[in-house]
Amino acid sequence: MRRPLFALGLAIVLLGAAKPDPKLDADPAGLAPVTVRLADVLAKHERALGSRAAGLADTAIEEWAFVLAGQAGTEHLERAGANYRSRLVRGPLIEEFGQLDGKRWHRDFNGITSPMTDIDVFSFYGSRILEDAADPKNDVTVVGETTTAPKAYVLRIAQPGERHPEWLYFDEATGDVVRSERVYGKRRAVTTYDDYRTTLGTRRAWHVHDSDGRVELDADWHRTSLALGKPIAAARFAQPASQATVVEGLVQPANIPAKFVYSDVIVRLNVRGRGLDFIVDSSARDSIIDRNVASDLGLPTYGQLTQLADGTKYAYDTTIDDATVGPIRLQNFALRAQTYNYETDRDIKVVGVLGFDFLAANAFKLDWVNGTLDVVPAKTFAPPDGADLAPMQLDDGVPLIAMGIGSAVASRVVLDTDNFSTIIFGTYIDKHPDDFVDQSHGRRATRVAPFADDRSSAFGQPLEVWVDKVSHLQLTLADYRELPVWVTNFPYSEGGDDIDAIVGRDYLEYFDIYFDYPDGRIYLKPNAYFFKTFKRNP
Amino acid sequence: MHTSSRPSNATRSALIAAACAALLLGVDGTVKDDGSSAPAGIAPTKTTLSTVLALHRKSIGRLATGLAKTSTEQWTIRGGALDGTETDVTSGNNERDDQTVGPFHSATGTLAGKSWHQNENGEVVIEHGLHSLDTSTERSLATVDRYVTLLGTTTSPDAYVVRVAPPDGRLEYLFYDRSGGQLVRRESAIRGRRHVATFTDFHTTSGRTQAWHEHTSDGRPENDRDYTLTTLAYGTPIDPKALAIPTATSPVTLASAHVQIPIKLIDDRVIVPITISGRTVDFQLDSGSSGILIDSLIVHALKLPVYGNAVADTAGSYDSGRTIIPQMTFGGVTMKNVEADVAPFTFWSDDKTPVAGLLGFDFIDGAVVHIDYQHSTLEAFDPASFTPPAGATSLPIALDDDVPLVNAGIAKAIGHLFIVDTGADRSTIFSPFAAAHPDDVTDLGLGDEMVASYPFVTDFNGVGGTVRYRPLQVGPFTFASYVFPKWLFNGTHDAPAFEDDFDGLVGQDVLRNFDVYLDYAHEKIWLVPNDRYRARWG
C-alpha cells in the first residue's frame, strides 16, 4: 500500500469535482415524440423477459468470448444462485474468481489464491440487468422514439444518488432493451444489446458491445453457450488451494540481500542481465514494474492497450519469463506494468514492487535490527520460540491483522511494512471516541463533529490528519499505553469494508516479522529494539 | 407487576432506529450466543413436567384469604451507569408501573383491558397488542401445551430446566429450584441474544412468595441491571387515580396551526436542518425510529449531558446513552427538553449533507406531518385542527412500538407488522415473514435475475451495522387499498436483532408515489396518489 494518504486525498478531490453538465445530460438527438404510456412500454418489456421454466434449478453454465481494450479472451462461468466460479483466460494470463455462501476468493495470474471481500468486476461483465426503468425508486420518462428501424421507445431514467440520467431503448416490436446510454466522466457511453435468445423461458442478449467513443477501449462480449438448470456441486465454488508455479521451490533457508532505506525494504531483481531495485511491500496485492523498464526489457503486452491515441498511458499486465531475487527464481512471473519509480537516495532508484505473489510461495523473516530478509522453504518453516501468532486474514493478498486499539479489538488493520507511520481511520475513531484523547487542545473535537452549518467540516474537504493519544495499542502480546498516534477523519476501505487502521514500521520495527503465507499465518517476535525500548510489566 | 426482564418497549426502541437506512458503522464481529441452544450440563431426570410445575405453583403460594386483589411494590434499579426507582401498582387486572431512571420518567400499564405506555417525552400510546411472541410463550406455559417440555436438571443452579418453545413465541428455558420449586433463572432468546434473568432473595408476604432481587444480563456488562424490591404490600386500598392512564404531553410546539418546514429531499430521504444551541444539525425524518437519535460527536461538541451507557442492537451493536436536548427548532417547530438517544450515527446523504440524527416518533406524534415527495416539501399541522385532504385513502396504524404498524399483503399473505418507514430507502420483507409464507413470498423472476447477474450487493446499512439481504420480486403487493402487481423488495436474512417479530418495512420506494400524511393522533396515515403513481400504475 504505497502512499495511501495520497490516494485518499485524490479520492476526495474526485468526489468534489463532478458537476452536472447540461450537454451531457441532454436527451439523445433526433427522437420523434410519442404518446405511448410508460406503463405499456414496461409491460411489453416484462412480457418479453419471460421467466425461468417452472421447476428449473437456478444454475447456469456459460461460455463467453470477449475483446477488452484490444485483448481477446474467453470466460467460463458456472453459477448456482449467488455461488459462482469463473475462469478468465487472456493469452497466458489466467485468473479465477469464485464465491461460496458469500465468501469470495481470487486466484491471480501467478496461481496464488486468496480470500477477497472486494466486488469481482470481471466475472459478470457480459451479464447485464436492464431493469432500471422498472425500479420504482427511479423516475422514468418516455422521451421519444427513434426514427430509424428498428424503432425503439427511449426512456430517460433518473436514479437516486446518480448525478446523471441514463437512457434505455426498448424495441417497439419485441420489448427487448437494445441500447443504453450512460454518462461516464465527460463522455456518453453507449452499449448495444442484440442476438437475443430464449433459453428455457429466459430471454437474454448474447451479444453486448460497450463504447464511449474511443474505439480502442471498446468492450465486446459474445456468449457462446448457455446451459441452464444443470446440477453443480457446491464444492465447485469453494476456494481452491494456490497453484504457484512461478516461484521455484527452495531447498534450504537463505538470505536475500536487501537494503533497508527509510521505511523501504529494497531487494535486487535480476532480469535479462539487469539489476533492478524493487521494494518488498507486505500490503501490495499486486507486484508492479515500471512501464518504461518493462518496455526496455521487451516484456510482452499480450495485445493489451498500453496507450490511448491522446497519449494517455494505460497500465497493463505482463510477465517476466525468468528472474532471480537472491536465491529465489521467478519464472513467468506476472506483474502489473505502470508508471512507478522513485529514488530513495542517490544510489537507489526503485522501479517496482514485489507484493503478495512474491511472499506467498515461501516463508520470510524480516529483521529490522540486522537489516536482513531471509527466505525459508514453506515445508521446513517452523515459528521460532518466542514468536507470537498475529491473528490474520488475507483480503486478496493484503494482510489484515487484529490488534487492540483502545478498549476494543480492531479486526481489519493492514500490516504495511512499507508505510512508516501507523494511522487510525475515521470510522474506527467514530465507533470508539472515548478511547482517543485529542492532543490538539480540543480544537479537533469540535471540528470533526458532523454539523451541517458552514463552520463545520464537510464531505469533500481535504483529508485531515492529526495526533491523538490512544489508551492502548496492542500488537500480539505487546501493549503500548497512552501513546500518541496519527489519526484521520477520513474513512478508508478495502474491498468495500472499512479498514480500521494501518500499522506501519513505527510499531512493526520492534518485531521480527515472519510471513508464513502458505500456512496463512504471520508471527511477530519482539526484537532487540523492543527490549531496549520497553520494559516488561512486573 | 414488575416485568423488567421481559422484552419491553424500552428494549424495542433500540430496534426502531432500525429502519433508518444509511449509516456506515462496522458490525460487531464476535460470535454471539443467540440463546437458542439448550443450557449446558443438563442431566436427565425421572421427574415429570407436571410434578415440576406443581412444585412451582406450590412455591408461589396463595394470598391470604380475604385480602383485596391489590398490590403496591417499590423497586430500586441499578445498572448502565443510571440508577432509579420503580413503583408498581395493581388492582385486579389493572396495573400501572412508573419508572424513574436518572432524569427520565416513563410508565406502562393496563386499564380496562387496554395496555398503554408513556415514553420519556410524555407521549402516551394505547397499544393494540399486535406482538404475539411473548403472549404466545406465556400461553404455552399457562396451558402446558406440547411446546412445554422438561429437559432435565442442572447442578448450578440446582434446578429443573423446562423448555418453552411455541413456534410463534419466544424460546425460553426456565429453571425451577429442585427443592423449593421457585423460578430461579430464566434464559430467553431475544433478538439474536441469550438474555438471562436470575431471581434470588425470596420472601413470603401475605402468603405469597416472590423474589425480591432480580439480575438481568444479555452477556454485555454494560447492559446488566439489578432490580431490588424494597417494599411490598398486598390488599391495601388503591386510589383509582394511581391506575389512570397519564395525560399525554408533547415536546412539540407549532408556531401556527400549519407550518412549512424547510427540508432537503435527497433521493427521497427527508432531511431536516435543525438548530440546536446555535448550530445546525441535519436530521433525517424517520417514521421507523421510535424516538429522536443524535450522533455522539454532536452531543460531545455541544456539551450536552449524556446519561447512562448501554450496548444496543439494531443493524449492529453500538454504544448508546441518552441525553436531553434543551431546544430543537426548525421551520416554525420548537421541541423543548427532548429526551434523545445518543449513538455514533453519521452518514452523508450527499456531499454537502452530513446527517447526524433521526427525527422520529417524538416529533411525528406531536403534529400531523405531510410529506410531498414530488414537490420536496414538508408541512406540520396541529392535529386538533387537521382535516384530511379530499379523496385521501385512510390507512389505519398501530403505534405499539412508537412506529406506524400497518397491514400489507404479499400475494395471499397478510402481515400485520409492517412498519411504514420514511427512513428506509427500499421496502423490505423480513425473513420470518418470508419463512412463514413460502408460497406467497417467492421470487417472480427479477430478484433471481439480479442475483444471477450481480451476486455481490448483499447488505444495506442501518444503525450500528449492516443487514444482509437479497433482491426479492414478489406480488401482488397490497398497501392500503393500492395493489401493485409486482414489487422489488429487499429480503433480509439472518438478522434477528433487526427483524425481531416485525414483518417488514414499507419504505421510500412505495411512499414516493404518494402525498403522505402521518396522523398519529388519529392513528391514521393518509395517502394521496401523485403523478408518479399515475404514470406508472394509475
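Residues numbered from 1 in each chain as written. Chains lettered and ligands numbered in written order. Predicted model: local features only at pLDDT ≥ 70, side-chain atom pairs only at ≥ 80, totals over all residues.

Participant: Lay out the overall build of chain A in plain terms, naming residues and giving numbers.
Facilitator: Per the secondary structure count, chain A includes 8 helices and 37 strands. Judged by the C-alpha coordinates and their principal axes, chain A covers about 85 × 60 × 50 Å. Counted over contacts in chain A with a minimum sequence separation of 6, partners at least 24 positions apart contribute 63%. (Helix = DSSP H or I, 4+ residues; strand = E, 2+ residues; numbered from the N terminus. Contact = placed C-beta atoms within 7 Å.)

Participant: Got a sec to walk through the interface of chain A and chain B? Specific residues and values, please.
Facilitator: In this assembly, 44 residues from chain A lie in contact with 43 residues from chain B. When residues of the side of chain A that touches chain B are traced back to their parent elements, those giving at least two are α1 (4-17), α2 (38-49), α5 (426-431) and α6 (443-447) of chain A. Here the residues of the side of chain A that touches chain B are counted per class, giving 22 nonpolar, 11 polar and 11 charged. (Nonpolar A, V, L, I, M, F, W, Y, C, P; charged D, E, K, R; others polar.)

Participant: Which residues make up the nonpolar core, and what values go with them?
Facilitator: Residues B:Val272, B:Ile294 and B:Ile525 are the most contacted members of the largest nonpolar core, which totals 88 residues. A per-element tally of this core places strand β22 (residues 333-343) of chain B first, with 6 residues. Contacts of B:Ile294, omitting those with residues within four sequence positions, involve B:Val299, B:Thr323, B:Ile325, B:Ala340, B:Val342, B:Ala356 and B:Gly357. Within the second largest apolar cluster, 80 residues are counted, among which are A:Val271, A:Ile289, A:Val470 and A:Ile522. (Core = buried A, V, L, I, M, F, W, Y, C linked by C-beta atoms within 7 Å. Buried ≥ 20, exposed ≤ 12 C-beta atoms within 10 Å, placed from the backbone.)

Participant: Residue-level account of helix α2 (residues 49-60) of chain B, with values.
Facilitator: In an α-helix, one full turn covers 3.6 residues, which means residues spaced three or four apart are oriented alike. With 12 residues, α2(B) should reach 16 Å at 1.5 Å per residue; the first-to-last C-alpha distance of 17 Å fits that figure. Two residues or fewer past α2(B), B:Gly61 is found with a positive phi of approximately 80°. (Expected span 1.5 Å × (residues − 1).)

Participant: Account for the sheet that holds strand β38 (residues 524-529) of chain B, with residues named and values stated.
Facilitator: All names here are of chain B. Pairing in this open sheet of 6 strands is antiparallel, and the strands run β15-β26-β25-β37-β38-β27 from one edge to the other. Strands at the two margins of the open sheet, each flanked by one partner only, are β15 (258-261) and β27 (393-396). The mean angle between the axes of side-by-side strands here comes to 20°, regardless of whether they run parallel or antiparallel. Relative to strand β37 (residues 514-519), strand β25 (residues 368-372) is paired through 5 bridges, and the arrangement is antiparallel. Residue pairing in the sheet places valine 368 in a bridge with aspartate 519 of β37. (Pairing = 2+ DSSP bridges. Axes fitted to C-alpha atoms, helices over the stretch in contact; angles between N-to-C directions.)

Participant: Go over the sheet that holds strand β24 (residues 372-376) of chain A with me, naming the residues and quoting the values.
Facilitator: All names here are of chain A. Pairing in this open sheet of 6 strands is antiparallel, and the strands run β14-β24-β23-β36-β37-β25 from one edge to the other. With partners counted over all chains shown, the strands left at the sheet margins are β14 (254-256) and β25 (388-390), one partner each. Between one strand and the next, the sheet's axes are offset by a mean angle of 25°, whatever the strand orientation. For strand β23 (residues 363-367) and strand β36 (residues 511-516), the ladder comprises 4 bridges, and the chain directions are antiparallel. By the bridge assignment for β36, lysine 365 is matched with tyrosine 514.

Participant: Any chance you could break down the pairing of strand β8 (residues 158-164) of chain B for me, citing the residues and the numbers?
Facilitator: Residues and elements named next belong to chain B. Of all 7 residues making up β8, 5 are buried, and the element is well covered by its neighbours. As paired strands, β8 and strand β9 (residues 172-177) are joined by 6 bridges and run antiparallel to one another. What sits directly across from arginine 163, in β9, is tyrosine 173.

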